[in-house]
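# Structural overview
Here's the letter readout for the chains.
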Amino acid sequence: MSTSDANKSNDKNEVASEENSTRSLHFIEQIIENDAKTGKFGNRVHTRFPPEPNGYLHIGHAKSIILNSGMAQQYGGLFNLRFDDTNPSKEDVEYVESIKEDVKWLGADWGDRLFFASDYFEQMYEYAVQLIKKGKAYVCDLSSDEIRATRGTPTEPGTPSPWRDRSVEENLDLFQRMRDGEFPDGSKTLRAKIDMASPNFNMRDPVMYRIIHTPHHRQGNKWNIYPMYDWAHGLEDSIEGITHSICTLEFEHHRPLYDWFLDELGVYHPQQIEFARLNLTYTVMSKRKLLALVTGKYVDGWDDPRMPTICGLRRRGYTPEALRLFCKVIGVAKFNSTIDATVLENAVREDLNKKALRRMAVLDPIKLVIDNYPEEQKETLVAINNPENEDDGTREVPFSKVLYIERGDFMEDAPKKYFRLTPGKEVRLRYAYYVTCKNCVKDAEGNVVEVHCEYDPATRGGQSPDGRKVQGTIHWVDAEAAVDAEVRLYDRLFNVPNPDDPQNPGEYTDHLNPDSLKIVSNAKLEPSLANATLDERFQFERVGYFTLDKTSAPDALVFNRTVSLRDSWSKLAQK
RNA sequence: UACCCGAUGGUGUAAUGGCAGCACAAGGGAUUUUGGUUCCCUUUGUCGAGGUUCGAGUCCUCGUCGGGUAGCCA
């Protein structure tokens, strides 16, 4: 070992012990660190994310991606992206690119290790031949119905296939002919010869290969047989030298089979580890249901900002950092839990609070007229871009006699604790002046259309020389300089915490939140927002976090609300 | 019904036989040119019954409850 190698492994140990002392480890970290101590995998850590290219990734996948790539990064190991494309009748290239984009966006780095299970088909075939020669696999002529009927039940063992004891020669011949395409779909399978009486169904002579005469998106018509997940997955892990093969809980009782195949073959044997998949309140996570939301036009496509898909969250304005923070907070365990949607919202607030540029935008505008402000006067005022980060600097915002403010920032008859505009009350216009509310103008129906006030010229910038305080500060935009925009306000997709709960009457689609999207078509924004770009994140002060939508155009701006600001006033107001 | 896995405040998650801790939520207070942020304080927990032990959230037994499993899906 060279000195630099020695240093490297020392560093690794130090990192591990430092982690140990500074925070607690989740059970997978404990397994990895223990393996490092015993030298089980020669101190290597190599993980993978193995999606099937048959749908879009969602936040549940993000948990897995962040876990797998995070373990590799944390322990100086490697991470592979591998498409588990073993079933051509369900898969499509269309999904490959979107999955790559999502994984990359999350910050998981697979380097040059982008793999496809289908590239291992020849090797898998050779392995299958080995098992046949060992007398551990056989070609079975039973139909799928017959296989099901002879598999037994939880209390009764299965009955052996009449084809179980074919000779090695016959099996070899038949298997080759299955590959050559001599037999129709479903007419034969290759099965492992294990134990029809096993309490674990997965061990009752599981199917290894089935006949499918469907062109594969990467292999074309080369193959007429395709490997089943249980047969293929361990081999893929083994071929790639994966150390810790992390998957979700439902594969737990597949592990004996995973182990059996690798042991019978006598090949390199990674360790499968199962963790609990993510469940989130007020949404659904199954591919089938997400697809149904799209095809049923309940949402505007896979990347609708209300969807829990990674592309949806991205369009909504979530950041990879927010999702990583979220995953850190929820932890990793084997307990099936449901995470409250507010935890996700908090994670994105925490991230965006640090990095979002502050801007002023009025979503529900009414005019504010400053009666004692000179008619033709215009000025610019200096506003701070981000109080959380001085490096973001300042900007200038135009100001004049007529402004827009939020309708909700004026009340004609206000409760005592209302700190905003009401006749006789003085408030601060953020970064501008103190103004005192005088009165309002109403239309024929009694709706307030204009609020009138008087300003104190000595309070320019928003502070008074005499030191008097105001209770409230409200945001505003100059009426003449404002730019128009459409703003889309998103809320939870469902109005029940668990749309999947069988306790709920009806279909899960019956519980869609009718107010999950509110479109504000006449928002007034400060002029600098006209130059916003898709990668920027904004906080509209006192309102929430926003980002430009992909459908936005220079003459028709569209912003998405990522998440509202915490609002302790609404709690107070309810009392 | 059989097998596998799990169970710690309202929700998540630590404590690896030795003071039940952290985060979020909730409640209270301070600061504040965002009713935001930040800071401080408070309330709330080991599924049940036995056993082992000086000592059990942790180990054992039995129960209860929850999840998963009977695709030629992954």
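Reference entry: report on the structure contained in this document.

## Thoughts on helix 5 (residues 121–133)
End to end, helix 5 covers 18 Å across 13 residues, agreeing with the expected 18 Å (1.5 Å per residue, within 8%). Those residues of helix 5 that sit buried are Phe121, Met124, Tyr125, Tyr127, Ala128, Val129, Leu131 and Ile132. Positive phi shows up at Gly135, right after helix 5, with a value of about 80°.

## Thoughts on the nonpolar core
Judged by nonpolar contacts, the single largest core of 51 residues is most densely connected at Ile59, Ile65, Val103, Leu293, Leu323, Phe326 and Leu344. For this core, the secondary-structure elements that each account for two or more residues are helix 3 (59–74), strand 2 (78–83), helix 4 (94–105), helix 10 (287–295), helix 11 (310–316), helix 12 (320–330) and helix 13 (341–355). Those residues in contact with Phe326 that sit more than four places away from it in its chain are Ile59, Leu278, Leu280, Ile339, Val343, Leu344 and Ala347. Counting 35 residues, the second-largest nonpolar core is a separate cluster that includes Leu174, Leu190, Ile211 and Trp260.

## Focus: the protein's contact with RNA strand B
With respect to spatial proximity, 64 residues lie near RNA strand B, and among them Gln30, Arg428, Gly461, Gln539 and Arg566 are the closest. Counted by atom, the contact set of RNA strand B within 4 Å of the protein is 64% sugar and phosphate. At 2.8 Å, a backbone N or O of Lys417 approaches a base nitrogen of RNA strand B. Within the side chain of Lys571, an N or O atom sits 3.0 Å from a phosphate oxygen of RNA strand B.

## Let's talk about empty space enclosed by the protein
Overall, the coordinates contain one cavity of 30 Å³ or more when judged by the stated rule. Of the volumes computed, that of the largest cavity is approximately 30 Å³. Every residue along the wall of the largest cavity is listed here: Tyr229, Asp230, His233, Gly234, His254, Tyr258 and Gln272. Per-element accounting of the lining of the largest cavity gives the leading share, four residues, to helix 8 (residues 229–240).

## Re the sheet that holds strand 20 (residues 477–478)
Strands sit in the order 19-16-17-18-12-15-20 across an open sheet of seven strands; the sheet is mixed. Either end of the sheet is taken by a strand with one partner, and the two such strands are strand 19 (473–474) and strand 20. Pairing of strand 15 (residues 402–406) with strand 20, which is carried by two bridges, proceeds in the antiparallel orientation. When the sheet's bridge partners are listed, Leu403 is paired in strand 20 with Asp478.

## Describing the pairing of strand 4 (residues 137–140)
The two faces of strand 4 match: Ala137 and Val139 on one face and Tyr138 and Cys140 on the other face are all buried. As defined by bridge partners, strand 4 adjoins strand 5 (residues 189–192) across four bridges and the pair is classed as antiparallel. The residue bridging Ala137 from the neighbouring strand is Ala192, located in strand 5.

## Focus: helix 4
Here helix 4 is 12 residues long and its end C-alpha atoms lie 18 Å apart, about the 16 Å a rise of 1.5 Å per residue gives. Buried residues in helix 4 make contact with strand 1 (46–49), helix 3, strand 2, strand 3 (114–116) and helix 11. At the C-terminal side of helix 4, Gly107 shows a positive phi close to 95°.

## Thoughts on the sheet that holds strand 22 (residues 517–525)
Spatial ordering of the open sheet is given by 10-23-24-25-21-22-11, a layout of seven strands whose pairing is mixed. Lying at the two open borders of the sheet, with one neighbouring strand each, are strand 10 (357–359) and strand 11 (361–362). Judged from the two bridges that link them, strand 11 and strand 22 form a sheet pairing that is antiparallel. Note on strand 22: the bridge partner recorded for Ala361 is Leu525. Across the sheet, helix 13 touches strand 10, strand 24 (544–548) and strand 25 (557–564), and the angle it forms with strand 25 is around 120°.

## Digging into the pattern of salt bridges
Scanning the entire structure with this criterion turns up 48 salt bridges. For the salt bridge of Arg468 with Glu426, the shortest nitrogen-to-oxygen distance reads 2.7 Å. Of the two residues, Arg468 sits in the loop between strand 18 (448–455) and strand 19 while Glu426 sits in strand 16 (residues 426–429), which places them 42 residues apart along the sequence. Put simply, Asp300, Asp303, Arg315, Glu486, Arg488, Asp549 and Lys550 are held in one network by salt bridges that share partners.

## Observations concerning the packing of helix 12 against helix 13
Taken N-terminus to C-terminus, the directions of helix 12 and helix 13 make an angle of 135°; their axes are 8 Å apart at the nearest point. One finds that helix 12 runs oblique with respect to helix 13. Considering how the two elements wind past one another, helix 12 and helix 13 form a crossing that is right-handed. Contacts between helix 12 and helix 13 pair Glu321, Ala322, Leu323, Leu325, Phe326, Val329 and Ile330 from the former with Val343, Leu344, Ala347, Val348, Glu350, Asp351 and Lys355 from the latter. Residue composition of the contact of helix 12 with helix 13, by class: 10 nonpolar, no polar and four charged.

## Overview of unusual backbone geometry
Although it is not a glycine, Asn43 adopts a positive phi angle of roughly 70°. Relative to the helices and strands, Asn43 is located in the loop between helix 2 (27–38) and strand 1.

## Here we look at the layout of surface pockets
One number sums up the size of the largest pocket: a volume of about 1,500 Å³. As for the largest pocket, its lining consists of 48 residues, of which Val543, Arg561, Ser564, Leu565 and Asp567 are closest to the centre. Mapped onto the lining of the largest pocket, the elements with two or more residues apiece are helix 11, helix 13, strand 21 (483–490), strand 25 and helix 14 (568–574). Sort the elements by how many residues they give to the lining of the largest pocket and helix 14 lands first, with five residues. Across the lining of the largest pocket, the residue classes break down as 20 nonpolar, 11 polar and 17 charged. Here the second largest pocket defines a volume of roughly 1,200 Å³. Around the second largest pocket sit 46 residues that line it, and His61, Glu250, Phe251, Arg277 and Lys287 are the ones nearest its centre. Within the residue set of the lining of the second largest pocket, elements represented by two or more residues are strand 1, helix 3, helix 8, strand 8 (244–248) and helix 10.

The rules behind the values
- Residues numbered from 1 in each chain as written.
- Chains lettered and ligands numbered in written order.
- Predicted model: local features only at pLDDT ≥ 70, side-chain atom pairs only at ≥ 80, totals over all residues.
- Heavy atoms only, no water.
- Helix = DSSP H or I, 4+ residues; strand = E, 2+ residues; numbered from the N terminus.
- Expected span 1.5 Å × (residues − 1).
- Buried < 20%, exposed > 50% of the residue type's maximum accessible area, 1.4 Å probe, protein only.
- Core = buried A, V, L, I, M, F, W, Y, C linked by side-chain atoms within 4.5 Å.
- Contact = heavy atoms within 4.5 Å.
- Near = heavy atom within 4 Å.
- Polar contact = N/O pair within 3.5 Å; in protein donor to acceptor, adjacent residues only side chain to side chain.
- 1 Å grid on protein atoms, 1.4 Å probe; cavity = no way out; pocket = protein on both sides within 12 Å on 5 of 7 lines; lining within 4 Å.
- Points joined across faces, edges and corners; volume = space filled by probe spheres on them.
- Pairing = 2+ DSSP bridges.
- Axes fitted to C-alpha atoms, helices over the stretch in contact; angles between N-to-C directions.
- Salt bridge = Lys/Arg side-chain N within 4 Å of Asp/Glu carboxyl O.
- Parallel < 35°, antiparallel > 145°, perpendicular 65-115°, else oblique.
- Left-handed = near helix turned anticlockwise from the far one by under 90°.
- Nonpolar A, V, L, I, M, F, W, Y, C, P; charged D, E, K, R; others polar.

None of the figures reported here should be taken as evidence of function without further support.
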